[in-house]
Amino acid sequence: MANWTERRQHGQEPPYIPLGKLKFRIPGIHYRWEWADYLQGLIMCAVCLSIIPVLQDTLGMPFEVALAIVILNGFLYLWHSLFGDPVVPGWVTPAIPLLIAYCSAFPAGPERMHALIAFELTLGLWCIFLGATGLAQRVINLIPRAIKAGVILGAGVAAIQLIFKEGGRFYSMPITISVCALVALFMMYNPLFRRWSTDHPLFRKISNLGILPAIIAAIIIAPLVGEAPFNMEWGFSKPDFVALWTDWVPWGTLGWPPLALFFKSFPMVLAAYIVIFGDAVQAQGIIRDADPIRPDEPVDYNPDRAHIIVGARNSLMSILGPDISMCGPIWAAMTVVTYERWKKGRDSMDSIFGGVGSFRWGTFTGYWLMPIVTVTKPILPAALSLTMIIQGFVSVYIGAREAKSLKDLGIAGIVAGILVSKGAAWAFGAGVIACLVLYGADFFKGDTQSGPLWADDLKSKKVCEESA
């Protein structure tokens with residue numbers, strides 16, 4: 001076993017212990033610890049804690065039980081860097097509103113918990129199967145683009161609806177949420193701020209913090225406008241694992257879900273899997289863009305490995321701490337931030353595993369620190385709202401671009417509307433029927449007569465440029 005102090009040769013991966021498709025690496029032994037990423041993780045754990053209000057509202061969990069679930073999920077986040085997946089993992093964020101709606105269709109109490117457990121275990125086993133067999137790409141190709149676009153669009157609309165519907169979280173902290181959402185969107189997508197971050201080192205550092213500045217703004221603004229108190233306590237947090245493992249898991253007093261719920265959950269599993277697969281493709285794109293800049297460290301991203309780890313995490317969480325946030329393959333914003341620092345060279349970050357691993361060790365530490373938990377607890381609804389608004393923005397334009405033609409987009413709109421109002425089973429059924437009626441024998445190919453959806457826009461732009 002090589003120590004990280006024995007510097008790896010140019011063009012070589014960090015050392016590892018082979019475990020089939022997995023590559024086991026221990027921090028401080030197989031790669032260098034990165035304090036900058038660890039400290040950033042300490043603060044960014046506030047985003048992970050923001051799922052607690054959802055667990056409380058949807059499942060009726062006490063705060064301490066929900067905190068125990070966040071900590072369990074945080075421990076499983078560490079598995080990605082431990083087993084060779086070079087990303088910062090996160091939630092299956094676009095599917096959270098869909099899963100909330102799915103679970104809310106069942107009576108509160110044991111039935112709702114059984115529905116969540118059956119769904120998450122089925123999703124986990126499905127991902128393990130696809131990762132172990134390498135069938136992920138084939139399965140996703142069997143779903144028409146119009147339906148995939150509709151699921152992503154619907155997830156985006158559902159994310160916005162979750163915040164702004166009557167009685168939604170927006171109305172509990174309207175000023176804080178509005179200001180912080182505008183700050184985050186400005187920093188992430190405004191061309192003026194992008195130009196500032198290119199020209200000025202200070203703005204570049206701020207842009208690399210993702211949505212952290214917006215969360216810090218929420219901590220400051222909420223007490224100033226009277227929407228939340230400021231509170232800080234010292235010591236360590238007190239998650240209630242005893243209550244969790246007594247009353248909220250299938251091997252406790254709750255019992256196992258009936259078999260019928262596993263079959264009933266499959267349309268929702270398929271909807272969530274479309275998001276997971278899209279996240280895996282996004283991870284490949286991020287790594288592919290960054291890889292040429294650091295020829296000293298080839299980054300091995302294996303979608304099968306990612307599927308196996310994601311599947312194992314969801315399966316374990318369904319048994320040890322059922323979680324509405326689910327276990328996804330990537331936290332895109334923080335993965336981009338980490339790779340941006342990795343691009344700066346070995347002095348900045350020796351190995352990408354040091355960055356992604358140290359960051360997630362930072363978030364895991366943060367869950368246990370009472371000052372961080374108590375400071376962020378009052379603004380958790382704002383942190384969740386911020387995450388959902390950004391996710392809705394991104395999902396809508398990604399879903400629209402997934403469509404190949406205007407016919408695809410029309411079908412996608414139908415699928416999205418039904419998905420939000422009636423659920424995944426109805427949405428998939430309507431999407432299949434619509435594709436059969438419009439495309440017939442070209443069901444899997446889609447619209448073969450039209451060009452790309454954005455071709456007319458590009459053509460018009462070219463004409464305008466030539467006229468100018």
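What counts, and at which threshold
Residues numbered from 1 in each chain as written. Predicted model: local features only at pLDDT ≥ 70, side-chain atom pairs only at ≥ 80, totals over all residues. Heavy atoms only, no water. Helix = DSSP H or I, 4+ residues; strand = E, 2+ residues; numbered from the N terminus. Rg over C-alpha atoms; globule rule 2.2 N^0.38 Å. Buried < 20%, exposed > 50% of the residue type's maximum accessible area, 1.4 Å probe, protein only. Contact = heavy atoms within 4.5 Å. Areas by Shrake-Rupley, 256 points an atom, 1.4 Å probe, with all protein chains shown as cover. Lys, Arg positive; Asp, Glu negative; His and termini not counted. Charge placed at Lys NZ, Arg CZ, Asp CG, Glu CD. Polar contact = N/O pair within 3.5 Å; in protein donor to acceptor, adjacent residues only side chain to side chain. 1 Å grid on protein atoms, 1.4 Å probe; cavity = no way out; pocket = protein on both sides within 12 Å on 5 of 7 lines; lining within 4 Å. Points joined across faces, edges and corners; volume = space filled by probe spheres on them. Nonpolar A, V, L, I, M, F, W, Y, C, P; charged D, E, K, R; others polar. Salt bridge = Lys/Arg side-chain N within 4 Å of Asp/Glu carboxyl O. Phe/Tyr/Trp six-rings, centres within 6.5 Å; stacked < 30°, edge-to-face > 60°. Disulfide = S-S within 2.5 Å. Axes fitted to C-alpha atoms, helices over the stretch in contact; angles between N-to-C directions. Parallel < 35°, antiparallel > 145°, perpendicular 65-115°, else oblique. pLDDT = per-residue confidence, 0-100.

Peer 1: How would you summarise the overall build of the protein if you had to cite specific residues and measurements?
Peer 2: Counting its secondary structure elements, the protein contains 22 helices and 2 strands. Taken over C-alpha atoms, the radius of gyration comes to 22 Å for the protein, in line with the 23 Å a tight globule of 468 residues would show. With respect to the three principal axes, the spread of C-alpha positions in the protein is 60 × 60 × 55 Å. The proportion of buried residues among the 468 residues of the protein is 55%. The contacts of the protein with a sequence gap of at least 6 include a subset with a gap of at least 24, amounting to 82%. Accessible surface for the protein amounts to roughly 19,900 Å². Of this, 66% is attributable to carbon and sulfur atoms. In the protein, 36 positive and 34 negative side-chain charges are present, and the distance between their average locations comes to 3 Å.

Peer 1: Give a description of the environment of tyrosine 439 that names residues and reports values.
Peer 2: Mapping tyrosine 439 onto the fold places it in helix 21 (residues 424-439). On a C-alpha basis, the gap between tyrosine 439 and alanine 416 in space is 19 Å, while along the polypeptide they are 23 residues apart. In this structure the side chain of tyrosine 439 is engaged in a polar contact, spanning 2.5 Å, whose partner is the side chain of aspartate 408.

Peer 1: Go over the side chain of arginine 169 with me, naming the residues and quoting the values.
Peer 2: Along the polypeptide, arginine 169 turns up in the loop between helix 7 (145-164) and helix 8 (174-189). One polar contact links the side chain of arginine 169 to the main-chain carbonyl oxygen of proline 53, over a distance of 3.4 Å. Arginine 169 has contacts with Pro53, Val54, Asp57, Leu162, Ile163, Ile177, Pro381, Leu384 and Ser385, leaving out every residue within four places of it along the chain.

Peer 1: Please give an account of the side chain of threonine 58 that cites residues and values.
Peer 2: Along the chain, threonine 58 turns up in helix 2 (residues 52-59). With a relative accessible area of 8%, threonine 58 lands in the buried category. With near-sequence residues (within four places) excluded, threonine 58 lies in contact with Ile100, Cys103, Ser104, Arg112 and Ile324.

Peer 1: Tell me about empty space enclosed by the protein, and please be specific about residues and values.
Peer 2: Using the criterion set out here, one finds 2 cavities of 30 Å³ or more in the structure. Roughly 50 Å³ of internal volume is contained in the largest cavity. Residue lining of the largest cavity: Cys48, Ile51, Ile69, Val70, Asn73, Gly74, Tyr77, Trp91, Asp323, Ser325 and Tyr367, and that is the complete set. With 5 residues, helix 3 (residues 63-82) is the largest single contributor of residues to the lining of the largest cavity. Residues belonging to the lining of the largest cavity are distributed by class as follows: 7 nonpolar, 3 polar and 1 charged. What lines the second largest cavity is simply Cys180, Ala214, Ile215, Ala218, Ile379, Ala382, Ala383 and Leu386. Counting only elements with at least two residues in the lining of the second largest cavity, the list comes to helix 11 (212-224) and helix 19 (380-402).

Peer 1: So what's going on with the pattern of salt bridges? Which residues, and what values?
Peer 2: In the structure shown here, the tally under the stated rule is 12 salt bridges. Between arginine 341 and glutamate 34 there is a salt bridge, and its shortest N-O distance comes to 3.6 Å. Placement of the pair is arginine 341 in helix 16 (residues 332-342) and glutamate 34 in the loop between strand 2 (22-24) and helix 1 (35-49), with a sequence separation of 307 residues. Residue arginine 294 pairs with aspartate 296 through a salt bridge whose shortest N-O separation is 2.6 Å. The exposure classification of arginine 294 matches that of aspartate 296, with both residues buried. Within this structure, Glu13, Lys23, Arg25, Asp300 and Arg305 form a network of salt bridges that share partners.

Peer 1: Break down the packing of aromatic side chains for me, with residues and values.
Peer 2: Counting across every chain of the model gives 26 aromatic pairs. Considering the side-chain rings of tryptophan 33 and tryptophan 35, the 5.9 Å spacing of their centres and the 70° angle between planes classify their relative orientation as edge-to-face. With 5.4 Å between their ring centres and 85° between their planes, tryptophan 126 and phenylalanine 266 make a pair best called edge-to-face. Remark: phenylalanine 266 occurs in helix 14 (residues 266-290) and tryptophan 126 occurs in helix 5 (residues 110-133); sequence separation between them is 140 residues.

Peer 1: Describe the state of the cysteines, naming the residues involved and giving the relevant values.
Peer 2: Each disulfide is one covalent bond, formed between the sulfur atoms of two cysteines. Inspection of the entire model under this criterion finds 0 disulfides. You can see cysteine 127 has no disulfide; the closest cysteine sulfur is in cysteine 327, sitting 9.9 Å from it. Residue cysteine 180 stays outside any disulfide, its sulfur separated by 17 Å from that of cysteine 45, the closest cysteine.

Peer 1: Please give an account of the packing of helix 4 (residues 96-104) against helix 5 that cites residues and values.
Peer 2: Here helix 4 crosses helix 5 at 135°, and the two axes come no closer than 9 Å. By the angle between their directions, the pair helix 4 and helix 5 is classed as oblique. Of the residues in helix 5, those touching helix 4 at Leu99, Tyr102, Cys103 and Ser104 are Arg112, Ala115, Leu116 and Phe119.

Peer 1: Lay out unusual backbone geometry in plain terms, naming residues and giving numbers.
Peer 2: Positive phi outside glycine occurs at methionine 326, with the angle close to 60°. Within the secondary structure layout, methionine 326 lies in the loop between helix 15 (303-320) and helix 16. A residue is classified by how much of its surface remains accessible, and methionine 326, at 0% relative accessible area, is buried.

Peer 1: Before we move on, could you go through the confidence of the model for the protein and cite the residues and values that matter?
Peer 2: Mean pLDDT for the protein: 86, with 93% of residues reaching 70 or above. In the model, residues 456-468 has pLDDT below 50 throughout and makes 0 contacts with residues more than four positions away in sequence or in other chains.

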